[in-house]
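# Examination of the molecular architecture
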Amino acid sequence: QIDDKKEIIDTFTRDGDFYFTGFNNYNYDDALINFIINPEELKKEVTVTTLYNMSKRLVEDKDYRNPYRYKSAFKSIDMLEVLRKGFNVKSLKSIAVNLEHDKIQDLPIDPHVDVTPEQFELLKTYNINDLNITEKIVKREISKLELRQTIEQLYDNQISIIGDSDSGIAKKVLTKYYKDALEAKTGKKVFLAKGGTDRGDLLLVKDLVYERIKFQHPILVSFFNQVLEGQIVRTEKGEFSDKYEWKEEITFGNKEYTLGLGGIHTKDNPAVYRSDDKMMVLDVDVTSMYPTSFIKNDLCPEHLDKEVFLSVLSKLVDERVEYKKLYKQTKQDKYNALQSALKIAVNTFYGLTNSKTGWLFDPKASFTCTVNNQLLMLMLIEQFVKYGHKVISANTDGVTLFIERAKLNDVRRIYEQWEEMSFFNLEESIYNIYLRRDINNYIAVYDNGEIKYKGAFEPQEVKDLLKGFKY
């Protein structure tokens, strides 16, 4: 009985420098509100029926493209997008569990029937509860929004990232740097279209492997020959990203290793290791593995200008180091914001080489990076085992050892030689205690008393909101 269209329009189009915040509002709420503000876009009259039909399409029709997605009459932020990790998202209710919200409630009425006057209060209470959860998310993650706002200002508002995920920030920062550099080189205006280089259904591993990859131990020589005969197969062609599969397994030095398109990792059983006067738990990690791999090995998506791309990537890494140093010296927030933006860009750019929605897509460049990185890590592990040092875990860019304290310098000599060959730099950490359930669930207590939590052991108050609350 109530026509509140004017009130809704006035609310969302009033003057002021502010953002509306919601959860999944880019894909749903914003579309319905924009339809009420500007129904001419759909050439329809705003009625309960037309709103319901649009709502139904937004929810149920995967092929329906929201006509207002990039033409909104108001500024908004979608916290689902800010929290997003690639395709990893969670519902508002799941995040409410992680927030330990006191009331988790599903829609109390059938969404496909008319709401009776008696159900108004029930529905209002449900909606307010969802708003309370959303407000908790905004307050908990406000530093992410402030960081994005600062970055926009520092780049003179040439990029808009206030409501973007980390990968969205990386994409826009990389786009700005690459476009600026390419336009400076060519003197022409550049437009970077989405898509890139399609590599078909099959890539041969032998076409990707660097010549300097070599093994000595008979078990690893045989395994390497097997790897060279392997194929990376496309199992699914997607609108956003193609799915490829490749997997190899080997047992070496009493440890089981799996190599895949993500990274090398060991199969770890539950265990506790402690450092003492004679023994120590040593962890060595590659610094900035992915950008270093691209820069040092001249890797570049085939459709891009290699000289410009690699110079931009090097510039991002160098500038990030410089801003980090300046922040330590001055404690000025602007330097912290800039180093944070560039950290996100250099740590996230690799994932964009697997995304068809951007301009970096090239599976061959992507897999050349990951396949060789794993083989190089296996070469390091081979040397540790050869000289009698116990490998207790390995995961993507790091190896954890349980060694005699007196032999630390021997271990360093081994990995320093490897650093020269691999072009990587390793960073050392010593654990007083390393306690694990498996490869992705552990606690490590550093020698300075700091604690690293992973997976099931992560305290709820520091847990990523997208992770499960199962333990």
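Quick summary incoming for the structure in this document. (Residues numbered from 1 in each chain as written. Predicted model: local features only at pLDDT ≥ 70, side-chain atom pairs only at ≥ 80, totals over all residues. Heavy atoms only, no water.)

## Considering the overall build of the protein
In terms of helices and strands, the protein carries 14 helices and 15 strands. Considering only C-alpha atoms, the protein reaches an extent of 80 × 55 × 50 Å along its principal axes. Across the 471 residues that make up the protein, the buried fraction comes to 46%. Accessible area of the protein: about 25600 Å², with a carbon and sulfur share of 49%. Side-chain charges of the protein comprise 68 positive and 74 negative groups, with the mean position of each set lying 3 Å from the other. (Helix = DSSP H or I, 4+ residues; strand = E, 2+ residues; numbered from the N terminus. Buried < 20%, exposed > 50% of the residue type's maximum accessible area, 1.4 Å probe, protein only. Areas by Shrake-Rupley, 256 points an atom, 1.4 Å probe, with all protein chains shown as cover. Lys, Arg positive; Asp, Glu negative; His and termini not counted. Charge placed at Lys NZ, Arg CZ, Asp CG, Glu CD.)

## Looking at the nonpolar core
Core analysis: the biggest nonpolar cluster contains 88 residues, and Ile232, Phe309, Phe384 and Val399 have the highest contact counts within it. Of all hydrophobic cores here, the second largest spans 17 residues; its members include Ile77, Leu92, Ala96 and Ile137. (Core = buried A, V, L, I, M, F, W, Y, C linked by side-chain atoms within 4.5 Å.)

## Quick word on a positive patch on the surface
The grouping of Lys324, Lys328, Lys331 and Lys343 at the surface amounts to a positive patch. Examined against the element boundaries, lysine 324 turns out to sit in helix α11 (residues 306-330). We classify lysine 324 as partly exposed; its relative accessible area is 38%. (Patch = residues over 30% accessible without salt bridge, like charges linked within 9 Å, V, L, I, M, F, W, Y side chains within 5 Å. Salt bridge = Lys/Arg side-chain N within 4 Å of Asp/Glu carboxyl O.)

## Side note on the pattern of salt bridges
Across all of its chains, the model carries 34 salt bridges by this definition. Here glutamate 121 and lysine 124 are joined by a salt bridge, their closest N and O atoms 3.4 Å apart. With a gap of three residues between them, glutamate 121 and lysine 124 both fall in helix α6 (residues 120-140), about one helical turn apart. Among the ionic pairs, arginine 148 bridges to aspartate 166, the shortest N-O distance being 3.1 Å. Taken as a pair, arginine 148 in helix α7 (residues 142-154) and aspartate 166 in helix α8 (residues 166-186) lie far apart in primary sequence, 18 residues in all. A single network of salt bridges, built from pairs that share partners, joins Asp198, Asp201, Arg234, Lys237, Asp242 and Lys356.

## Side note on the packing of aromatic side chains
As enumerated under the stated definition, the model contains 18 aromatic pairs in all. Taking 4.9 Å as the distance between ring centres and 55 degrees as the angle between the ring planes, the aromatic pair formed by phenylalanine 12 and phenylalanine 74 counts as tilted. Taken together, the residues span a long stretch of sequence, with phenylalanine 12 in helix α1 (residues 5-13) and phenylalanine 74 in the loop between α3 (48-60) and β2 (76-78) at a distance of 62 residues. Considered together, phenylalanine 12 and phenylalanine 74 belong to a single accessibility category, that of buried residues. Members of the aromatic cluster, joined through ring pairs, are Tyr273, Phe402, Tyr431, Tyr434, Tyr442 and Tyr446. A cation over a ring is seen here: lysine 75 above tyrosine 19, with NZ or CZ 4.7 Å from the ring centre. Stacked on the ring of tyrosine 327, the Lys or Arg lysine 331 has its end atom at 5.3 Å from the ring centre. (Phe/Tyr/Trp six-rings, centres within 6.5 Å; stacked < 30°, edge-to-face > 60°. Lys NZ or Arg CZ within 6 Å of the ring centre and 35° of its normal.)

## Side note on α3
For α3, built from 13 residues, the straight-helix expectation of 18 Å at 1.5 Å per residue is met to within 8% by its first-to-last C-alpha distance of 18 Å. Residues of α3 that are buried include every one of Thr50, Met54, Ser55 and Leu58, and no others. Down the axis, α3 shows its buried residues gathered within 135 degrees of arc, on one side only. Turned more than 90 degrees off the buried face of α3, the exposed positions are Val48 and Val59. As for α3, its buried residues are in contact with α2 (29-37). (Expected span 1.5 Å × (residues − 1). Arc of directions from axis to C-beta. Contact = heavy atoms within 4.5 Å.)

## Topic: unusual backbone geometry
One non-glycine residue, glutamate 100, lies in positive phi territory at about 55 degrees. For glutamate 100, the position within the fold is in the loop between α5 (92-98) and α6. Owing to a relative accessible area of 55%, glutamate 100 belongs among the exposed residues under this scheme. Backbone geometry places asparagine 157, a non-glycine residue, at a positive phi of 60 degrees. Along the chain, asparagine 157 falls in the loop between α7 and α8.

## Examining α7
For α7, built from 13 residues, the straight-helix expectation of 18 Å at 1.5 Å per residue is met to within 8% by its first-to-last C-alpha distance of 18 Å. All buried positions along α7 are accounted for by Leu145, Arg148, Ile151 and Glu152. The arc enclosing the buried residues of α7, seen along the axis, measures out at 125 degrees, which places them on a common side. Residues of α7 that are buried make contact with β2, α4 (79-83), α6, α8 and α12 (333-352). In the segment just after α7, aspartate 156 is the residue with positive phi, at about 55 degrees.

## Some points on the environment of serine 355
Relative to the elements of secondary structure, serine 355 occurs in the loop between α12 and α13 (363-386). In this structure, the C-alpha to C-alpha distance between serine 355 and threonine 125, residues 230 residues apart in sequence, is 40 Å. Beyond its immediate sequence surroundings of up to four residues, serine 355 is in contact with Phe240 and Phe361. A polar contact is formed between the side chain of serine 355 and the side chain of threonine 357, at a distance of 2.8 Å. (Polar contact = N/O pair within 3.5 Å; in protein donor to acceptor, adjacent residues only side chain to side chain.)

By themselves, these observations are geometric and do not establish any function.
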